[in-house]
Amino acid sequence: MTFVSPIPPFLPCRARTFRAPSPFAYLLALAHRLPSVPSSDHPSKMLPMHVADDRPGGGGGGSSSFGRYLSRPRTLVVGFVVVFVLGYFFFSGPGGGGLVPNPGPYAGHIDDLAGNQGHHGGNKPPPPGDLDGHGHGHANANGGHAGAPPPNVNYLDEGETTPDYGAADNTTWGQRAQKVKDAFKFAYGAYAKIAFGRDEILPMSNKPTDNFNGWGVSIVDSLDTMVLMGHKEELARAMEHVAAINISATSQSVHFFETTIRYLGGYLAAYHLVPPGSPESSTLLTQSLHLGSILLRVFETPSGLPGYAAPTKPRPDDKYQSGRSSMYLAEVGSCQVEFKYLAHLTGDARYWKAADGVTRLMHKSQPTSAIKGLWGTNWDINTGEPSQNQFTIGALSDSAYEYILKQYLLSNRSEKYLLDMYIAATDAMIENTLYLSPTRELLYVTDVNTWSGGKVTPSGKLEHLSCFLPGLFALGADQLDASELDEGRRKKHKWVAEGLAYTCYLMYAEQRHGVGPEDVVFKAAESKNWGQVLKDWEATSASKTAGAKPPGVAKLAPAIKDFTKDRDYPAASGDYLLRPETIESVYLLWKTTKDEVWRQRGWQMWEAVDKVTKVENGRQVLSADDLNVTHARSYFFAETLKYYYLLFSNADPWPLNKYIFNTEAHPLPVYTLREWEKRKFEVSAS
């Protein structure tokens, strides 16, 4: 995942949302001449209403004469209410827009989605009259699709059952997975003790901090990890917190990028994983819709690119103010996975069109870039144009490249233009951003610039954040079929995945403490462009041998722990920030190759992480004196521990062909757009 510095910390606010009494409650209250208001202690429940007749001698007996009933106004009102209620439910039917508890501002979005079987059950036919003569659903006032059949995102094959999350496994790898599960409980328990409800914990001072909106980001980021590992007690308490989050009570604007990938992604993944029809399911969808509606405001820029911050209390007549005139590539290009999935759940085209509009701008600028296929780091939100001098696959850009392929796979290959973008981007990466170190021939990816008269010049810096890239290449090579990725490219992509993932692993194995630094700097001036090396190698007879691999992959250099020896990277950062990118790629290399060596490398990495980041008071943080960390990052729960657990677990609850991880490792199910969605979202096959 990308880390972009958030806007200043916000004060926590946990005010409960007022729930308006239903119309039926008001009618009954009128009939009995008693008020009905929400309890101040529990806003989701009504105060009990007295039903006994309080008139002298009243409450029992009575004539069966119809005229007598009509002569009693109170009885007449009660009868009217009964008929009205029965008629309402009789004519509503499935999908007809029945009662939805506490719809708030999203009544038109939720319809029969909140709390129903939509995210687990299969498609059901639309109710009679739901579709007009052209097969279009009747859109509601907020752009949703009233009464639409629920999405089919149940991917259990015949004979399969729901995964037994967190089940005991006494094999060697099962026991290793258990160690990661225990580590989560250990670290999260410390957070819950010191900072529950706040964003993160400051481990060295034993204090909480609110650096991501003050809504408890560590909780929301952890929801699907709790499901995966079977931490039921922690999940139950976490859901109580989620239900109490009042987004609109936040006094300041929120950072669009981080809020989208951490909160919205966390809600949506958990929504898919909790039992359908449960209160948790309804809570998660409601929070997703509320948050999504707030985040939509950021697209009100001249270009349609998202702005920096979203106001939580926007006024309809206010002109949107971004807070910045330019945005980083990762900030504008890392919302599509979440927004398009939300559009699919709700039928609300606004989410799809806003996110897809950004990708279309990227598509438009890709062929004219100074490095054709790649995008500059900075984007002007007024013109919709990128800068043309600085290019990186690491910080400030990374997840935008990741989301091109993942958008394509998540919507079950519905948008072919995304595949074209992915091919163009990966071709450009191979040609311009991959290099071989001078002595050991380590394959690495680095940022480049075109300041020198258009000449591509590498910096030599390899970031931990860039180590997601081998996993991305591995995923594409594994999931794209022959009609999507030709065999020549598939070979290259597998080589990139293997060679680059090995270098990222070495950045752990070669450090004294065994964990990967935030970045290292290779000797750029002496390094060779791997794209050119590859072309030269392919022209040799050696490349024609079966199973032959090019430099950077064929002979993997052994680890060197001796700091006095030349390792090709003279400078290395002393920071390890609990980042997940390397273990993410190691996990994907294991899943796509089934080569046990990747599991073994991952275990070596885990032993080091567990050793140097564990302190006596129970927090998984960094304590080595040559390392530095200030927060126990929420992504440690969301990503790092999740990928280690999935690597070691013998179970496969989220297969790569059925789930896509957002850039915060929140798993979303692959879905197929229905025909009315394609029309409404204006999805083009090209």
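Here is what the cut-offs are and how they apply
- Residues numbered from 1 in each chain as written.
- Predicted model: local features only at pLDDT ≥ 70, side-chain atom pairs only at ≥ 80, totals over all residues.
- Heavy atoms only, no water.
- Helix = DSSP H or I, 4+ residues; strand = E, 2+ residues; numbered from the N terminus.
- Buried < 20%, exposed > 50% of the residue type's maximum accessible area, 1.4 Å probe, protein only.
- Contact = heavy atoms within 4.5 Å.
- Areas by Shrake-Rupley, 256 points an atom, 1.4 Å probe, with all protein chains shown as cover.
- Salt bridge = Lys/Arg side-chain N within 4 Å of Asp/Glu carboxyl O.
- Disulfide = S-S within 2.5 Å.
- Pairing = 2+ DSSP bridges.
- Phe/Tyr/Trp six-rings, centres within 6.5 Å; stacked < 30°, edge-to-face > 60°.
- Axes fitted to C-alpha atoms, helices over the stretch in contact; angles between N-to-C directions.
- Parallel < 35°, antiparallel > 145°, perpendicular 65-115°, else oblique.
- Left-handed = near helix turned anticlockwise from the far one by under 90°.
- Expected span 1.5 Å × (residues − 1).
- Bend = angle between axes of the 7 residues up to and from the residue.
- Polar contact = N/O pair within 3.5 Å; in protein donor to acceptor, adjacent residues only side chain to side chain.

**Looking at the overall build of the chain**
Right, so step 1: In terms of regular secondary structure, the chain is built from 21 helices and 17 strands.
Right, so step 2: Taken over 686 residues, the chain has a buried fraction of 56%.
Right, so step 3: A separation threshold of at least 6 residues defines the contact pool for the chain, and within that pool the share at least 24 residues apart is 73%.
Right, so step 4: Surface exposure of the chain reaches about 28100 Å², of which carbon and sulfur atoms provide 55%.

**Some thoughts on the pattern of salt bridges**
Right, so step 1: One pass over the full model with this rule turns up 24 salt bridges.
Right, so step 2: Close ionic contact of Arg297 with Glu300 constitutes a salt bridge, the shortest N to O distance being 2.7 Å.
Right, so step 3: With its nearest N and O atoms 2.9 Å apart, the salt bridge here joins Lys591 to Asp652. Of this pair, Lys591 sits in helix α18 (residues 581-593) while Asp652 sits in the loop between α20 (634-648) and β16 (659-661), and the two are 61 residues apart along the sequence.
Right, so step 4: Residue classification places Asp652 among the partly exposed residues on the basis of a relative accessible area of 38%.
Right, so step 5: Each of Lys340, Asp356, Arg360 and Glu415 takes part in a single network of salt bridges with overlapping partners.

**Re the state of the cysteines**
Here a disulfide denotes one covalent bond, and it connects the sulfur atoms of two cysteines.
Right, so step 1: Summed over the entire model, instances satisfying the criterion amount to one disulfide.
Right, so step 2: What pairs with Cys467 in a disulfide is Cys504, and their sulfur atoms sit 2.1 Å apart. Because the torsion about its S-S bond is -90°, the bridge between Cys467 and Cys504 counts as left-handed. One end of the pair, Cys467, is in the loop between β12 (461-463) and α15 (469-479); the other, Cys504, is in helix α16 (residues 487-509), with 37 residues separating them in the sequence.

**Points about the pairing of strand β11 (residues 455-458)**
Right, so step 1: The sheet contact formed by strand β10 (residues 448-452) and β11 spans three bridges and is antiparallel. Considered in β11, the bridge of Val448 is made with Pro458.
Right, so step 2: Connecting the antiparallel pair β10 and β11 is a turn made up of two residues, with Gly453 showing a positive phi of about 60°.

**What about the packing of aromatic side chains?**
Right, so step 1: Summed over the entire model, instances satisfying the criterion amount to 29 aromatic pairs.
Right, so step 2: On the basis of an interplanar angle of 80° and a centroid distance of 5.7 Å, the ring pair of Tyr188 and Phe637 is categorised as edge-to-face. Pair noted here: Tyr188 is in helix α5 (residues 172-195) and Phe637 is in helix α20, with a separation of 449 residues, a long-range link. By the burial criterion, Tyr188 is buried, and Phe637 matches it.

**Digging into the side chain of Thr225**
Right, so step 1: Mapped onto the elements, Thr225 comes out in helix α6 (residues 217-229).
Right, so step 2: Residue classification places Thr225 among the buried residues on the basis of a relative accessible area of 0%.
Right, so step 3: If we ignore the near neighbours within four places in the chain, the residues touching Thr225 are Phe184, Phe637, Ala638 and Lys642.

**Describing the sheet that holds strand β8 (residues 434-436)**
Right, so step 1: With antiparallel pairing, the three strands of this open sheet are ordered in space as β9-β8-β14. Edge positions in the open sheet fall to β9 (443-445) and β14 (528-529), since each of these has one partner strand only.
Right, so step 2: Here helix α14 (residues 416-432) sits on the sheet and contacts β8 and β14; the angle it forms with β8, its principal contact strand, is near 30°.

**Structural notes on the packing of α5 against α6**
Right, so step 1: Relative orientation of the contacting elements α5 and α6 amounts to 150°, with a least axis distance of 12 Å. By the angle between their axes, α5 is roughly antiparallel relative to α6. Crossing hand, α5 versus α6: left-handed. Contacts between α5 and α6 involve Val180, Lys181, Phe184, Tyr188 and Tyr191 on the former and, on the latter, Ser218, Ile219, Ser222, Thr225, Met226 and Met229.

**Some thoughts on the sheet that holds strand β15 (residues 571-572)**
Right, so step 1: Spatially, three strands are ordered β12-β13-β15 in an open sheet, and the strand pairing comes out antiparallel. Each having just a single partner strand, β12 and β15 make up the two edges of the open sheet.
Right, so step 2: Note that β12 and strand β13 (residues 519-521) share three bridges and pair antiparallel. Considered in β13, the bridge of Leu462 is made with Val520.

**Description of unusual backbone geometry**
Right, so step 1: You will see that Glu441, though not glycine, has its phi angle at about 55°, which is positive.
Right, so step 2: The topology assignment puts Glu441 in the loop between β8 and β9.
Right, so step 3: With a relative accessible area of 33%, Glu441 lands in the partly exposed category.
Right, so step 4: For Glu682, which is not glycine, the phi torsion reads 60° and is therefore positive.
Right, so step 5: Position of Glu682 relative to the elements: it lies in the segment after α21 (675-681).
Right, so step 6: Looking at Glu682, the relative accessible area reads 58%, which means it is exposed.

**Re α20**
Right, so step 1: With 15 residues, α20 should reach 21 Å at 1.5 Å per residue; the first-to-last C-alpha distance of 21 Å fits that figure.
Right, so step 2: Most pronounced at Lys642, the bend in α20 amounts to some 30°.
Right, so step 3: Counting buried positions along α20 yields 15 of 15 residues, so the element is predominantly enclosed.

**A closer look at the environment of Leu577**
Right, so step 1: Mapped onto the elements of the fold, Leu577 is located in the loop between β15 and α18.
Right, so step 2: Distance from Leu577 to Arg633, taken between C-alpha atoms, is 7.8 Å for residues 56 residues apart in sequence.

**Concerning helix α11 (residues 336-346)**
Right, so step 1: Burial within α11 is extensive, with 11 of its 11 residues counted as buried.
Right, so step 2: The set of residues buried in α11 consists of Gln336, Val337, Glu338, Phe339, Lys340, Tyr341, Leu342, Ala343, His344, Leu345 and Thr346.
Right, so step 3: Looking one or two places after α11, you find Gly347, whose phi comes out positive at around 75°.

**Re the side chain of Asn449**
Right, so step 1: Examined against the element boundaries, Asn449 turns out to sit in strand β10.
Right, so step 2: Given the relative accessible area of 18%, Asn449 is considered buried.
Right, so step 3: Within the local environment of Asn449, its side chain forms a polar contact with the backbone nitrogen of Trp451, the two atoms lying 3.2 Å apart.
Right, so step 4: Once residues within four sequence positions are removed from consideration, Asn449 is found in contact with Asn389, Gln390, Lys455, Val456 and Thr457.

**Quick word on the packing of α18 against helix α19 (residues 596-612)**
Right, so step 1: Two elements in contact, α18 and α19, have axes whose closest approach is 8 Å; the angle formed by their N-to-C orientations is 155°. By the angle between their axes, α18 is roughly antiparallel relative to α19. Handedness of the α18/α19 crossing: left-handed. Residues Thr582, Ile583, Val586, Leu589, Trp590 and Thr593 of α18 pack against Glu596, Trp598, Arg599, Gly602 and Met605 of α19.

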